[in-house]
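Notes for the structure review
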Amino acid sequence: MIRLALIGCGRIATKKHTEAIIANKELFELVAVVDPVKEKAENVANIIENAGLNRPEVYKDYKEVLKREDIDMVSIATESGYHYQISIDAMNSGKHVLVEKPMALSTKEIDHMIQVSKEKALKLGVCFQNRFNPPIQELRKKLENGEFGKLLHGQISIRWNRNKSYYEQAPWRGTWELDGGTLMNQCTHGIDLLQWTFGDIEEISGRIENFNHPYIEAEDFGSAIIKFKNGAVGIIEGTANVYPKNLEETLSVFGEKGTVVIGGLAVNKIETWRFENEDSHPFQNLPDPDTVYGAGHVPLYKDFYEAIVKDRKPYISGEDGKRAVEIVLAIYKSAKEGKPVKFPFEFSTEEMKGYFKKVKK
């Protein structure tokens, strides 16, 4: 049994982390919940207790939890801009870390997190739970078996809605210091899947806009063209401007011997599945999930447990988590500098402060 603490008890924690912990109750015991707003931590403790499990202790300061030697790991679901420091502090306290996306907001911070996890021989995992979506797993099998042949090009389109009330719920959202815009927050899952499909990147050209959200600092629309090292081309389209509600998250993959389109609300439904002697797939009839978060946190937690007890890398490691953030940062850097960005590079969301004021006015 792994004893864990949940740091950050907001929206994703109450909706998905508690669900995953309860579903994996034979593997984990949630012994502590942390949030500066005590009522939020109490709410998560109530959810766990109402599920028939031991009530976790409630804390306001995560540093107090890290002093406990009986805690094996922490799950971090705070504001994005705090992920880095909490992760470093946790690993320096000897805890394994499972951190929500994006794992940090700068290339230097991410590299430091990966470095510390290696030095301390601790597991560092990232919540890109959509990799566990059944249609995505089916796509992965085809890729690993080489059934696409040469990969030609692909696209991820995230067409969602985030209105003013969403940003008013949490003032950190849409800020360069603690979040970034729709590419970093809403689109990073899909961007991760595009990169996971096509591999390492050589160069990115990006553009961002704030069309309809003047009350946030960052973008509500982003687009990019990616040159992958294997010669394939990737296209990113991400928006929070779709009226009046979320429309789709769709991944399209085109190879010389195969075509796959996975769409639905959150890359959860096969829309096109074409290979030689194969023109359909049972997962074309899957329903949309209740939320855009999907159901992937449950297998994500189970995998992280196995990574700890079997001493192997998590299915979604720190290195994996880095790649999606790196793409978004490259788009930001390209937009700011007005030219393509070659990999590797260094950049931070902090370097984007004042961007739209400078561009628009």
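Above this text you will find the structure in question.
Residues numbered from 1 in each chain as written. Predicted model: local features only at pLDDT ≥ 70, side-chain atom pairs only at ≥ 80, totals over all residues. Heavy atoms only, no water.

1. With respect to the nonpolar core
Burial of nonpolar side chains together is a common tendency in soluble globular proteins. In this structure, Met113, Leu183, Ile204, Ile208, Ile236, Leu251 and Tyr332 are the most contacted members of the largest nonpolar core, which totals 110 residues. Not counting the four nearest positions on each side in its chain, Ile204 is found in contact with Ala224, Ile225, Ile226, Ile327, Ala330, Ile331, Ser334, Pro340, Val341 and Phe343. (Core = buried A, V, L, I, M, F, W, Y, C linked by side-chain atoms within 4.5 Å. Buried < 20%, exposed > 50% of the residue type's maximum accessible area, 1.4 Å probe, protein only. Contact = heavy atoms within 4.5 Å.)

2. What to know about the environment of His153
Among the secondary structure elements, His153 is positioned in strand β7 (residues 151-159). The exposure class assigned to His153 is partly exposed, which follows from its relative accessible area of 36%. Along the primary structure His153 and Ile235 are separated by 82 residues, whereas in three dimensions their C-alpha atoms are 8.0 Å apart. Beyond its immediate sequence surroundings of up to four residues, His153 is in contact with Phe198, Val233, Ser252, Val253 and Phe254. (Helix = DSSP H or I, 4+ residues; strand = E, 2+ residues; numbered from the N terminus.)

3. Focus on a nonpolar patch on the surface
Nonpolar side chains collect at one region of the surface, where Ile225, Val233 and Ile235 lie side by side and expose about 230 Å² of accessible area between them. A relative accessible area of 35% means that Val233 is categorised as partly exposed. (Patch = residues over 30% accessible without salt bridge, like charges linked within 9 Å, V, L, I, M, F, W, Y side chains within 5 Å. Areas by Shrake-Rupley, 256 points an atom, 1.4 Å probe, with all protein chains shown as cover. Salt bridge = Lys/Arg side-chain N within 4 Å of Asp/Glu carboxyl O.)

4. A closer look at the packing of helix α4 (residues 83-92) against helix α5 (residues 107-119)
Any two packed helices are characterised by the angle at which their axes cross and by the distance between the axes. The contact between α4 and α5 brings their axes to 10 Å, and the two run at 15 degrees. Between α4 and α5, the angle is such that the two are roughly parallel. Like other packed secondary-structure pairs, α4 and α5 cross with a definite hand, here left-handed. In this structure, α4 uses Tyr84, Ser87, Ile88, Met91 and Asn92 to contact α5, whose residues at the interface are Glu109, His112, Met113, Val116 and Ser117. Its residues assigned to classes, the contact of α4 with α5 shows five nonpolar, four polar and one charged. (Axes fitted to C-alpha atoms, helices over the stretch in contact; angles between N-to-C directions. Parallel < 35°, antiparallel > 145°, perpendicular 65-115°, else oblique. Left-handed = near helix turned anticlockwise from the far one by under 90°. Nonpolar A, V, L, I, M, F, W, Y, C, P; charged D, E, K, R; others polar.)

5. Examining the state of the cysteines
With the rule as written, the count across this model stands at zero disulfides. The thiol of Cys187 is unpaired, and the distance to the nearest cysteine sulfur, on Cys127, comes to 18 Å. (Disulfide = S-S within 2.5 Å.)

6. A short note on the environment of Met352
Residue placement: Met352 occurs in the loop between β14 (341-342) and α12 (355-360). Linking Met352 and Lys38, residues 314 residues apart in sequence, is a C-alpha distance of 33 Å. Excluding residues within four positions of it along the chain, Met352 makes contact with Trp176, Ile208, Tyr332, Lys336 and Phe347.

7. Description of the sheet that holds strand β10 (residues 233-239)
Spatially, β13-β12-β11-β7-β10-β9-β8-β14 is the arrangement adopted by the eight strands of the open sheet, whose pairing is mixed. With partners counted over all chains shown, the strands left at the sheet margins are β13 (269-275) and β14, one partner each. With two bridges connecting them, strand β8 (residues 201-209) and β14 associate as antiparallel partners. Bridging from a neighbouring strand, Glu203 pairs with Lys342 of β14. (Pairing = 2+ DSSP bridges.)

8. Examining helix α2 (residues 38-50)
Under the 1.5 Å per step criterion, the end-to-end length of α2 is 18 Å for 13 residues, consistent within 8% with the ideal 18 Å. Those residues of α2 hidden inside the fold are in contact with β1 (2-7), α1 (11-23), β2 (28-34) and β3 (57-59). The first or second residue beyond α2 is Gly52, which carries a positive phi of 90 degrees. (Expected span 1.5 Å × (residues − 1).)

9. Notes on the pairing of β13
Summarising the sheet, strand β12 (residues 258-263) and β13 pair through six bridges and their orientation is antiparallel. Within β13, the position partnered with Gly258 by the bridge is Phe275. From the end of β12 to the start of β13, which pair antiparallel, there are five residues, and Gly264 there has a positive phi angle of about 80 degrees.

10. Details of empty space enclosed by the protein
One pass over the structure, following the stated rule, counts one cavity of 30 Å³ or more. Within this model, the largest cavity holds a volume of roughly 30 Å³. Around the largest cavity, the lining residues are Tyr166, Tyr167, Arg173, Gly174, Asp179, Gly180, Gly181, Thr182, Asn185, Gln186, Ile216 and Glu219. Counting residues per element, the ones that place at least two in the lining of the largest cavity are α7 (164-169) and α8 (182-185). Counted by class, the lining of the largest cavity contains three nonpolar, six polar and three charged residues. (1 Å grid on protein atoms, 1.4 Å probe; cavity = no way out; pocket = protein on both sides within 12 Å on 5 of 7 lines; lining within 4 Å. Points joined across faces, edges and corners; volume = space filled by probe spheres on them.)

11. A short note on the pattern of salt bridges
Counted according to the given criterion, the structure contains 30 salt bridges. Glu57 serves as the salt-bridge partner of Arg68, at 3.4 Å between the closest nitrogen and oxygen. Placement of the pair is Arg68 in the loop between α3 (62-66) and β4 (73-76) and Glu57 in strand β3, with a sequence separation of 11 residues. The class for Arg68 is buried, based on a relative accessible area of 15%. Accessibility expressed as a relative area gives 45% for Glu57, which makes it partly exposed. A salt bridge links Lys123 to Asp311; the nearest nitrogen and oxygen atoms lie 2.8 Å apart. In this pair, Lys123 is assigned in the loop between α5 and β6 (124-127) and Asp311 in the loop between α10 (297-309) and α11 (318-337), connecting sequence segments 188 residues apart. Looking at Lys123, the relative accessible area reads 12%, which means it is buried. Bridged by salt links that share partners, the residues Arg3, Glu29, Glu57, Arg68 and Asp70 form one connected network.

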